[in-house]
Amino acid sequence: MAAGYLDILRARHAARLLAGTLVGRLPNATAPIAIVLFTRAEGGTYTLAGALAAVYGLATAVGQPLLGRAVDLYGQPRVQLPASLASALGMALLALVGLGSLPLAYGAVMVAGVFTPPLEGGLRALWPSVLGSEDRVHRAYAMDAVAQEVMFTVGPLLVTLLVSLWSPAAALLVINVIGVLGALSVVLCEPSRAWRSAPREAHWLGALRSPGLLALLGSFFFVGLALGSITVAGVAYADDHGRESVYGWLMAALGLGALIGGAVYGARRWAGAPERRLRAIVALLALGYLPLMLTPGVVAMTALAAVSGVFLAPAIACSFIVVDRHAPRGTVTEAFSWLVTTFGVGAAAGTAVAGPAVELGGTTWSFAVAGAGGVAALLVLLATGRVLAVPGHTAVAAQISENDRNGAVEPGFSSGHQA
């Protein structure tokens, strides 16, 4: 298992790109947690906390595909670093001004969300030029998902540590400074500076003209909804048990479960169509969310949180391959950014619904939102099976990665950029 991942990390630039992307995405990964804790510390209600987190999520959802398209058109450095700086300034404004002026607070999180740099999609666009072969790129997708779960495991603990040592405002500031440094590391790396997108057909819909991609996005909206609702439900559960640290442990357990699942998933080759495999994984993911409604004691709940996360990273890794198969030529960063967007919109909806659910029906109701989201994600995949069964590109696989001006991918490897 470890040997395959070490092979990828030994490739030139791979470790730096992965680490820089993860660090650069830390503000986005921890923003819902940080916003909720900041709002509660400032005396705001769960509904206000959920609303601010939802605005951030929706703003991210708007910004990601627009910035992703800009990256495809103008390259990574010209977009990623300025966006990271603008996003960090938005969060700094929230931390320094607080909730004294709600319009200003909403504006600050909106700026932070809109300018969240599309580092996630950018990294996946770089993998073919850095790694070369289909097997290594697909393994990198799984490693990418696993590494994200490390971030989602460490991120909540880091936020709660910063809150306990200083304050929620300080946590917002520190996390965003770290994020800018991560983005800087990526854009100064040679593959990022050299990368150019393939020529693309002029179309106002861009990546969204692919029916298969639309079907996938519809499903992952509900996966995002489930995760967003857990963010608020976990805080409510921690409040019920009188310990703020419980929240960090729940989120860390969920991330740890996903880390284990992703590591196992990426350690082997999988036969058959990835679209069919994705349906099975999402079914198991939905099954894992339902027991959270039991809300048992802290130890048992932490265990349930870990189990609920086991199939998250495999679902994400498999979705990367599906995006790769259905994205139109020249839209690679935009297509992956749309996947991030669906998570953002879904998570925003989940936080917005879970806040009132806590106040109306208690913690159990908020975890029920997560269960419903998982089931809905599966139903979308089942309903769109025929669309997903037809890859968006059926021509002979590209011989040259659009990321690499001098190298070629192995014959038969589609880099996801065919029309």
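Okay, so let's go over this structure. (Residues numbered from 1 in each chain as written. Predicted model: local features only at pLDDT ≥ 70, side-chain atom pairs only at ≥ 80, totals over all residues. Heavy atoms only, no water.)

## Let's talk about the overall build of the protein chain
Okay, step 1: Helix and strand counts for the protein chain stand at 18 helices and zero strands.
Okay, step 2: Computed over its C-alpha atoms, the radius of gyration of the protein chain comes to 20 Å, within 12% of the 22 Å expected for a compact globule of 419 residues.
Okay, step 3: Here the protein chain holds 419 residues, and the buried ones make up 59% of them.
Okay, step 4: Put simply, 82% of the contacts in the protein chain that link residues at least 6 apart link residues at least 24 apart.
Okay, step 5: Looking at the protein chain as shown, the accessible area adds up to about 15,700 Å², and 69% of this sits on carbon and sulfur atoms.
Okay, step 6: Of note, the protein chain has its 24 positive side-chain charges centred 6 Å away from the centre of its 20 negative side-chain charges. (Helix = DSSP H or I, 4+ residues; strand = E, 2+ residues; numbered from the N terminus. Rg over C-alpha atoms; globule rule 2.2 N^0.38 Å. Buried < 20%, exposed > 50% of the residue type's maximum accessible area, 1.4 Å probe, protein only. Contact = heavy atoms within 4.5 Å. Areas by Shrake-Rupley, 256 points an atom, 1.4 Å probe, with all protein chains shown as cover. Lys, Arg positive; Asp, Glu negative; His and termini not counted. Charge placed at Lys NZ, Arg CZ, Asp CG, Glu CD.)

## Topic: a nonpolar patch on the surface
Okay, step 1: A cluster of nonpolar side chains, Leu 93, Leu 96, Val 97, Leu 104, Leu 161, Leu 165, Trp 166, Leu 173 and Val 174, forms an exposed patch at the surface whose accessible area comes to about 820 Å².
Okay, step 2: Breaking the nonpolar patch down by element, the ones donating at least two residues are helix H5 (77-97), helix H8 (134-165) and helix H9 (168-187).
Okay, step 3: The biggest single contributor to the nonpolar patch is H5, with three residues.
Okay, step 4: Mapping Leu 161 onto the fold places it in helix H8. (Patch = residues over 30% accessible without salt bridge, like charges linked within 9 Å, V, L, I, M, F, W, Y side chains within 5 Å. Salt bridge = Lys/Arg side-chain N within 4 Å of Asp/Glu carboxyl O.)

## Quick notes on the pattern of salt bridges
Okay, step 1: Under the criterion given, the structure shown has eight salt bridges.
Okay, step 2: Linking Arg 124 and Asp 144 is a salt bridge whose minimum nitrogen-to-oxygen distance equals 3.0 Å. Of this pair, Arg 124 sits in helix H7 (residues 119-131) while Asp 144 sits in helix H8, and the two are 20 residues apart along the sequence.
Okay, step 3: When salt bridges with common partners are traced through the structure, they connect Arg 25, Glu 120, Arg 124 and Asp 144 into a single cluster.

## Here's the deal with the side chain of Thr 160
Okay, step 1: By the secondary structure assignment, Thr 160 is in helix H8.
Okay, step 2: A distance of 2.9 Å separates a polar side-chain atom of Thr 160 from the backbone oxygen of Leu 157.
Okay, step 3: Excluding residues that lie within four positions of it along the chain, Thr 160 makes contacts with Leu 37 and Gly 248. (Polar contact = N/O pair within 3.5 Å; in protein donor to acceptor, adjacent residues only side chain to side chain.)

## Details of the environment of Asp 240
Okay, step 1: Tracing the backbone through its elements, the reader meets Asp 240 in helix H11 (residues 211-240).
Okay, step 2: Using a relative accessible area of 53% as the deciding quantity, one classes Asp 240 as exposed.
Okay, step 3: Along the chain, Asp 240 and Ala 372 lie 132 residues apart, while their C-alpha atoms are 22 Å from each other.
Okay, step 4: One polar contact links Asp 240 to Thr 363, side chain to side chain, over a distance of 2.4 Å.

## Description of unusual backbone geometry
Trans is the prevailing form of peptide bonds, just as negative phi is the prevailing case for residues other than glycine.
Okay, step 1: With phi around 75°, His 13 is a residue other than glycine that occupies positive phi space.
Okay, step 2: Relative to the helices and strands, His 13 resides in the loop between helix H1 (2-9) and helix H2 (14-24).
Okay, step 3: On the basis of relative accessibility, which here comes to 22%, the residue His 13 falls in the partly exposed class.
Okay, step 4: Phi is positive for Thr 295, which is not a glycine, with a value near 40°.

## Some details on the packing of aromatic side chains
Okay, step 1: Counting across every chain of the model gives five aromatic pairs.
Okay, step 2: Each residue in the set Tyr 141, Phe 320 and Phe 336 is aromatic and connected to the rest through ring pairs, giving one cluster.
Okay, step 3: Above the face of the Tyr 46 ring, Arg 40 is positioned so that its terminal group lies 4.2 Å from the ring centre. (Phe/Tyr/Trp six-rings, centres within 6.5 Å; stacked < 30°, edge-to-face > 60°. Lys NZ or Arg CZ within 6 Å of the ring centre and 35° of its normal.)

## Section: the packing of H2 against H7
Okay, step 1: At a closest axis distance of 10 Å, the pairing of H2 and H7 adopts a crossing angle of 175°. As judged from the angle between their axes, H2 and H7 are roughly antiparallel. Contact with H2, carried on its side by Ala 14, Leu 17, Leu 18, Thr 21 and Gly 24, involves Leu 119, Glu 120, Leu 123, Leu 126, Trp 127 and Val 130 of H7 and no other residues of that element.
Okay, step 2: Classifying every residue of the contact of H2 with H7 by side-chain character gives eight nonpolar, two polar and one charged. (Axes fitted to C-alpha atoms, helices over the stretch in contact; angles between N-to-C directions. Parallel < 35°, antiparallel > 145°, perpendicular 65-115°, else oblique. Nonpolar A, V, L, I, M, F, W, Y, C, P; charged D, E, K, R; others polar.)

## Structural notes on helix H16 (residues 332-361)
Count 3.6 residues to each turn of an α-helix, and residues three or four apart come out pointing the same way.
Okay, step 1: Taking 1.5 Å of rise per residue, 30 residues should cover 44 Å, and H16 covers 43 Å from first to last C-alpha, within 8% of that figure.
Okay, step 2: Trailing H16 by a residue or two, Gly 362 shows a phi angle of about 90°, which is positive. (Expected span 1.5 Å × (residues − 1).)

## Side note on the packing of H11 against helix H15 (residues 312-326)
Okay, step 1: Close contact between H11 and H15 brings their axes to 10 Å; oriented N to C, the two are set at 160°. Taken together, H11 and H15 sit at an angle that is classed as roughly antiparallel. With respect to the hand of their crossing, H11 and H15 are arranged in left-handed fashion. Residue-level inspection shows Gly 212, Leu 213, Leu 216, Phe 220, Val 223 and Leu 227 of H11 in contact with H15, the latter providing Leu 312, Ala 315, Ser 319, Val 322, Val 323 and His 326.
Okay, step 2: Among the residues forming the contact of H11 with H15, the class breakdown is nine nonpolar, three polar and no charged. (Left-handed = near helix turned anticlockwise from the far one by under 90°.)

## A look at the side chain of Ser 366
Okay, step 1: Structurally, the position occupied by Ser 366 is in helix H17 (residues 363-383).
Okay, step 2: Overall, Ser 366 belongs to the buried group, its relative accessible area being 0%.

## Observations regarding the environment of Asp 135
Okay, step 1: Among the structural elements, Asp 135 can be located in helix H8.
Okay, step 2: Judged by relative accessible area, Asp 135 falls into the partly exposed class, the value being 34%.
Okay, step 3: Each C-alpha atom of the pair Asp 135 and Gly 4 lies 9.9 Å from the other, and the pair is 131 residues apart in sequence.

## Things to note about the environment of Pro 356
Okay, step 1: Position of Pro 356 among the secondary structure elements: in helix H16.
Okay, step 2: The partly exposed category is assigned to Pro 356, whose relative accessible area is 29%.

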